[in-house]
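Single-letter residue listing:
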Amino acid sequence: MPPQPDPNAVFLNIPYDEEFHSLYIAYIVGLFQLGLVPHLASEIPGGDRRLNRIIQLIQGCRYSIHNLSRVEVSVAPSATPRFNMPLELGMTITWQILNPDQHTWFVCESENRRIQRSASDLDGTDPYIHDGTVEGVFRELRNAFRRDGSPSVPRMLNVYRLVDSRLNSIFKENGTSNPYDRSVFLDLCQFLTSLANFFPPAKLPV
Amino acid sequence: MPRPVAHITAPWPTQEEMEKSLGISKARKRALQPLVDEFKAQLSRLEESQVTTIEREKRRKRASAA
């Protein structure tokens, strides 16, 4: 039997590419501000087979977010569709069907109705449409996760801008400019866990 | 079509609980502390400045209504 999932943990199934940087940071910032802790496949140290590590991570998280907005064919010379995100969504759906009380998954897209073409088997489940914007990510996270005392979108944007302005220091600390790097992700999280006392925002002056 | 919605009633997690979930080491936490403190102070100042702006606007409205 797998252990009970962490009730505040969210597995983030996202594309690790340059165009997604700002939305990736937005997901991390937004989830922390809703009192949730993001987890990424890249945070798990190597050793075991990657798929095994990913399924263990999904099992340990009460929720998961699957961003299918960039499943398109890459522009590289050998154009290849990106299957990792649908693959991880499929694994999650199987896990959730077998353990309905232990997991809830959410699908995000940037465009309305595209999912009906890219993954028509998901018919019957509406995705959260973030329009490919940071503000849209915050709006949809607040729609998906309802929690008393959740901050407003402008307040979430405040934190986002501050975190964004600190990114270079975090990159420098870790000797990389890759925001998806495990050490960068954990340092970003460290910054945001330090704000736990700021949340719920009911503690803040209105 | 339905969309799943999570109605979270669990208490807001503490900093320690979040750190445990992520496996953040104490050494890394110590190393980042100066940057984190600066970040928190900056956020506090920003929040405070916005509160002041909102309060100022409320006062202006009250004054014009009087």
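Residues numbered from 1 in each chain as written. Chains lettered and ligands numbered in written order. Predicted model: local features only at pLDDT ≥ 70, side-chain atom pairs only at ≥ 80, totals over all residues. Heavy atoms only, no water.

(A) Helix α3 (residues 84-98) of chain A, seen in detail. Residues and elements named next belong to chain A. Counted at 1.5 Å a residue, the expected span for α3 with its 15 residues is 21 Å, and the 21 Å between its end C-alpha atoms agrees. Those residues of α3 that sit buried are Met 85, Glu 88, Leu 89, Met 91, Thr 92, Trp 95 and Gln 96. Seen end-on, α3 carries its buried residues on one side only, within an arc spanning 160 degrees. Turned more than 90 degrees off the buried face of α3, the exposed positions are Ile 97 and Leu 98. If you follow the buried residues of α3, they end up packed against β1 (6-13), α2 (50-60), β3 (61-67) and β4 (104-109). (Helix = DSSP H or I, 4+ residues; strand = E, 2+ residues; numbered from the N terminus. Expected span 1.5 Å × (residues − 1). Buried < 20%, exposed > 50% of the residue type's maximum accessible area, 1.4 Å probe, protein only. Arc of directions from axis to C-beta. Contact = heavy atoms within 4.5 Å.)

(B) The environment of Pro4(B), seen in detail. With respect to the element layout, Pro4(B) can be found in the segment before β1 (6-8). Not counting chain neighbours up to four residues away, the residues in contact with Pro4(B) comprise Thr104(A), Trp105(A), Phe106(A), Thr125(A) and Tyr128(A).

(C) The arrangement of the side chain of Ser69(A) in detail. All names here are of chain A. With respect to the helices, strands and loops of the structure, Ser 69 is situated in the loop between β3 and α3. Residue Ser 69 is classed as buried on the basis of its relative accessible area, which comes to 7%. Looking at Ser 69, its side chain comes within polar contact range of the side chain of Asn 67, at 2.5 Å. Excluding anything up to four places from it in sequence, Ser 69 contacts Phe 20, Cys 108, Glu 109, Ser 110, Arg 114 and His 130. (Polar contact = N/O pair within 3.5 Å; in protein donor to acceptor, adjacent residues only side chain to side chain.)

(D) Structural detail: the pattern of salt bridges. Under the counting rule described, the total for this entry stands at seven salt bridges over all chains. With a closest N to O distance of 3.5 Å, Arg3(B) and Glu140(A) form a salt bridge. In this pair, Arg3(B) is assigned in the segment before β1 and Glu140(A) in helix α5 (residues 134-144), connecting two distinct chains. Judged by its relative accessible area of 33%, Arg3(B) is partly exposed. (Salt bridge = Lys/Arg side-chain N within 4 Å of Asp/Glu carboxyl O.)

(E) Fine view of the packing of aromatic side chains. Considering all chains together, one arrives at nine aromatic pairs over all chains under this definition. Centre to centre, the rings of Phe191(A) and Phe39(B) are 5.1 Å apart; their planes meet at 70 degrees, and the pair counts as edge-to-face. Remark: Phe39(B) occurs in helix α2 (residues 26-65) and Phe191(A) occurs in helix α7 (residues 182-193); the pair is interchain, linking two chains. Taken individually, Phe191(A) and Phe39(B) each receive the classification buried, so the pair is uniform in this respect. Here a set of aromatic residues connected by ring pairs shows up, and it is made of Tyr63(A), Phe106(A), Tyr128(A) and Phe145(A). One Lys or Arg, Arg147(A), reaches over the ring of Trp12(B) and ends 5.0 Å from the middle of that ring. (Phe/Tyr/Trp six-rings, centres within 6.5 Å; stacked < 30°, edge-to-face > 60°. Lys NZ or Arg CZ within 6 Å of the ring centre and 35° of its normal.)

(F) Local environment of the interface of chain A and chain B. With 60 residues of chain A at the interface, the matching set in chain B holds 34 residues. Roughly 4,300 Å² is buried in total at the junction of chain A and chain B, and carbon and sulfur atoms are behind 63% of that figure. Taken together, the connections running from chain A to chain B amount to four salt bridges. Classifying every residue of the side of chain A that touches chain B by side-chain character gives 30 nonpolar, 18 polar and twelve charged. (Buried area = accessible area lost by both parts, 1.4 Å probe. Nonpolar A, V, L, I, M, F, W, Y, C, P; charged D, E, K, R; others polar.)

(G) Representation of the layout of surface pockets in the model. Size it by volume and the largest pocket reaches roughly 280 Å³. In this structure, the largest pocket is lined by 14 residues; those nearest its centre are His39(A), Glu43(A), Gln56(A), Leu57(A) and Ser21(B). Looking at the lining of the largest pocket element by element, the count peaks at four residues for α2(A). By residue class, the composition of the lining of the largest pocket is six nonpolar, five polar and three charged. (1 Å grid on protein atoms, 1.4 Å probe; cavity = no way out; pocket = protein on both sides within 12 Å on 5 of 7 lines; lining within 4 Å. Points joined across faces, edges and corners; volume = space filled by probe spheres on them.)

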